[in-house]
Amino acid sequence: MTMELRHVRYFIAVAEELNFGRAAARLNIAQPPLSVQIRDLERELGVKLFERTGKGVTLTQEGAVFLLEARQISDQVSRARHAVNQATAGELGHLRMAGIPFAFMEVLPLVIPRFREENPHVLIDLREAGTQESFDSLRTGAMDIAFVRQSDPVAGLEVLPLLTGRFELIVPRGHRLARDRPADIVELAFEPLVMTSRQISPYYYDRTLSAMSAAGITPHAVVEATSIQAQLGYVASGMGVSLVPASAKWMSSKYIEWVPLKQAIVATEVAAVWASGPIPQVLDNFLKVVREESAGDHGCVRPGRQEQPDSC
């Protein structure tokens, strides 16, 4: 005979009741099969677990030792069963996510604390990553969800836009376009332009080119920056002008002038992205929190809204 979990359960019932009849009733089985199972267990272990007398049943010394171990086995099985149920419900697991710097400021502070409060047993692995890097990680399965700059469809990925903002023009301090009235994008026709690197953020790169193409001008790009912070730095250093989201003003410098544009160039600033197809319950639970938080009004323009609060 090979010992099974039912033998452990039967033994515990008899050890606690010290009566085969009461133990059988507790287990909802007949007494004779219970007695057979206990004898099989004793034969498997090669020891007597109970002393059977006319006055009742008592544990042997070996039985008392086995009871301690049997209870640990039973507790471990219960914990394992509970853990499996939690994992099935998405209450236990591991979420690997990445975000662009702006997501760390405007989205993740709303989403992660609430999710962790509701799902304290889910481990969150969070790191900073650019949009294209996140796409690659999602496709290879190295990441579960990412917060990026994107609104257009992406092959193999689901895209959920969360925050939308307007572009503004930034120029070096003292530049000819640094004035009180809005600038027309056509005025950038002969200006050296600092672009977002397409390798880092293809969406923003394409969005900038599209806006300038719509105005009938060809950009004169002098440098491609690997982040918005770098764009601001290049402009502050006098390398050129640039189109950046107005929300980046919190990173601004005294060496930069912000100029509104006559044209309303609106772009997604943060979107949640994950791999297409069936997703684990833990990710589904996280996305529920993301959707609920993004549906509220936390001070930034969301898809469908027209105004642009100054706080963004």
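To keep things clear, this report deals only with the structure shown in the data block. (Residues numbered from 1 in each chain as written. Predicted model: local features only at pLDDT ≥ 70, side-chain atom pairs only at ≥ 80, totals over all residues. Heavy atoms only, no water.)

So, the packing of aromatic side chains
The geometry of an aromatic ring pair is captured by the separation of the ring centres together with the interplanar angle, meaning the angle of the planes.
Logical step 1: One pass over the structure, following the stated rule, counts 7 aromatic pairs.
Logical step 2: Aromatic pair Phe11 and Phe50: ring centres 5.4 Å apart, planes at 45°, arrangement tilted. Taken together, the positions of Phe11 in helix α1 (residues 5-17) and Phe50 in strand β1 (residues 50-53) put the pair 39 residues apart, joining distant regions of the chain.
Logical step 3: Residue Phe11 is classed as buried on the basis of its relative accessible area, which comes to 0%.
Logical step 4: Judged by relative accessible area, which is 0%, Phe50 ranks as buried. (Phe/Tyr/Trp six-rings, centres within 6.5 Å; stacked < 30°, edge-to-face > 60°. Helix = DSSP H or I, 4+ residues; strand = E, 2+ residues; numbered from the N terminus. Buried < 20%, exposed > 50% of the residue type's maximum accessible area, 1.4 Å probe, protein only.)

Let's talk about the pattern of salt bridges
Logical step 1: Taken as a whole, this structure holds 17 salt bridges when the rule is applied.
Logical step 2: The residue Arg6 makes a salt bridge to Glu4 at a minimum N-O spacing of 2.7 Å.
Logical step 3: Glu118 serves as the salt-bridge partner of Arg114, at 2.9 Å between the closest nitrogen and oxygen. Pair noted here: Arg114 and Glu118 are both in helix α6 (residues 108-118), with a separation of 4 residues, about one helical turn.
Logical step 4: By relative accessible area, which is 23% here, Arg114 ends up partly exposed.
Logical step 5: Classification of Glu118 by relative accessible area gives partly exposed; the value is 44%. (Salt bridge = Lys/Arg side-chain N within 4 Å of Asp/Glu carboxyl O.)

What to know about unusual backbone geometry
Logical step 1: Of note in this structure, Leu18 is not a glycine but carries a positive phi near 50°.
Logical step 2: Tracing the sequence through the fold places Leu18 in the loop between α1 and α2 (20-27).
Logical step 3: Assessed through its relative accessible area of 35%, Leu18 is described here as partly exposed.
Logical step 4: Even without being a glycine, Asn28 presents a positive backbone phi close to 60°.
Logical step 5: Note that Asn28 resides in the loop between α2 and α3 (31-45).

Digging into the packing of α6 against helix α10 (residues 281-295)
Logical step 1: Direction vectors running N to C along α6 and α10 enclose 130°, while the axes themselves pass 10 Å from each other. For the element pair α6 / α10, the angle class is oblique. Considering only the axes of α6 and α10, their crossing is right-handed. Taking contact as the criterion, the partners of Leu110, Val111, Arg114, Phe115 and Glu118 in α6 are, on α10, Val282, Asn285, Phe286, Val289, Val290, Glu292 and Glu293.
Logical step 2: Taken together, the residues that form the contact of α6 with α10 break down as 7 nonpolar, 1 polar and 4 charged. (Axes fitted to C-alpha atoms, helices over the stretch in contact; angles between N-to-C directions. Parallel < 35°, antiparallel > 145°, perpendicular 65-115°, else oblique. Left-handed = near helix turned anticlockwise from the far one by under 90°. Contact = heavy atoms within 4.5 Å. Nonpolar A, V, L, I, M, F, W, Y, C, P; charged D, E, K, R; others polar.)

Brief notes about the pairing of strand β6 (residues 157-172)
Logical step 1: Where β6 meets strand β11 (residues 266-275), 9 bridges bridge the pair, whose relative direction is antiparallel. Counterpart to Pro161 in the pairing with β11 is Ala271.
Logical step 2: Here β6 pairs with strand β10 (residues 256-259) via 4 bridges, running antiparallel. Looking at the pairing, Leu169 lines up with Val259 of β10. (Pairing = 2+ DSSP bridges.)

Things to note about the environment of Ala215
Logical step 1: When you line up the elements, Ala215 lands in the loop between α8 (202-214) and β8 (220-225).
Logical step 2: Measuring from C-alpha to C-alpha, the distance between Ala215 and Glu187 comes to 9.9 Å, with 28 residues separating the pair along the chain.
Logical step 3: For Ala215, the contacting residues outside a window of four places in its chain are Ile185 and Val186.

Some words on the packing of α1 against α3
Logical step 1: It is the contact of α1 with α3, at a shortest axis distance of 10 Å, that shows an interaxial angle of 110°. In this view, α1 runs roughly perpendicular relative to α3, as classed from their interaxial angle. On the side of α1, the interface is formed by Arg6, His7, Tyr10, Phe11 and Val14, while α3 contributes Leu34, Gln37, Ile38 and Leu41.
Logical step 2: A class-by-class count of the residues in the contact of α1 with α3 yields 6 nonpolar, 2 polar and 1 charged.

Focus on the pairing of β1
Logical step 1: Sheet topology places β1 next to strand β2 (residues 56-59); 4 bridges connect them, and they run antiparallel. Pairing of Glu51 across the sheet is with Thr58, part of β2.
Logical step 2: Between β1 and β2, which pair antiparallel one after the other, the connecting turn spans 2 residues.

Examining a nonpolar patch on the surface
Logical step 1: A contiguous nonpolar surface patch, about 370 Å² in accessible area, is contributed by Phe104, Met105, Leu126 and Trp250.
Logical step 2: Looking at the element boundaries, Phe104 is found in helix α5 (residues 101-106).
Logical step 3: Accessibility expressed as a relative area gives 31% for Phe104, which makes it partly exposed. (Patch = residues over 30% accessible without salt bridge, like charges linked within 9 Å, V, L, I, M, F, W, Y side chains within 5 Å. Areas by Shrake-Rupley, 256 points an atom, 1.4 Å probe, with all protein chains shown as cover.)

Remarks on the side chain of Asp184
Logical step 1: Looking at the secondary structure, you find Asp184 in the loop between β6 and β7 (192-196).
Logical step 2: In this structure, Asp184 is buried with no salt-bridge partner, the nearest side chain bearing the opposite charge being Lys262 at 4.5 Å.
Logical step 3: A distance of 3.0 Å separates the side chain of Asp184 from the backbone nitrogen of Val186, its partner in a polar contact.
Logical step 4: Here Asp184 is in contact with Arg179, Lys262 and Gln263, once residues within four sequence places are set aside. (Lys, Arg positive; Asp, Glu negative; His and termini not counted. Polar contact = N/O pair within 3.5 Å; in protein donor to acceptor, adjacent residues only side chain to side chain.)

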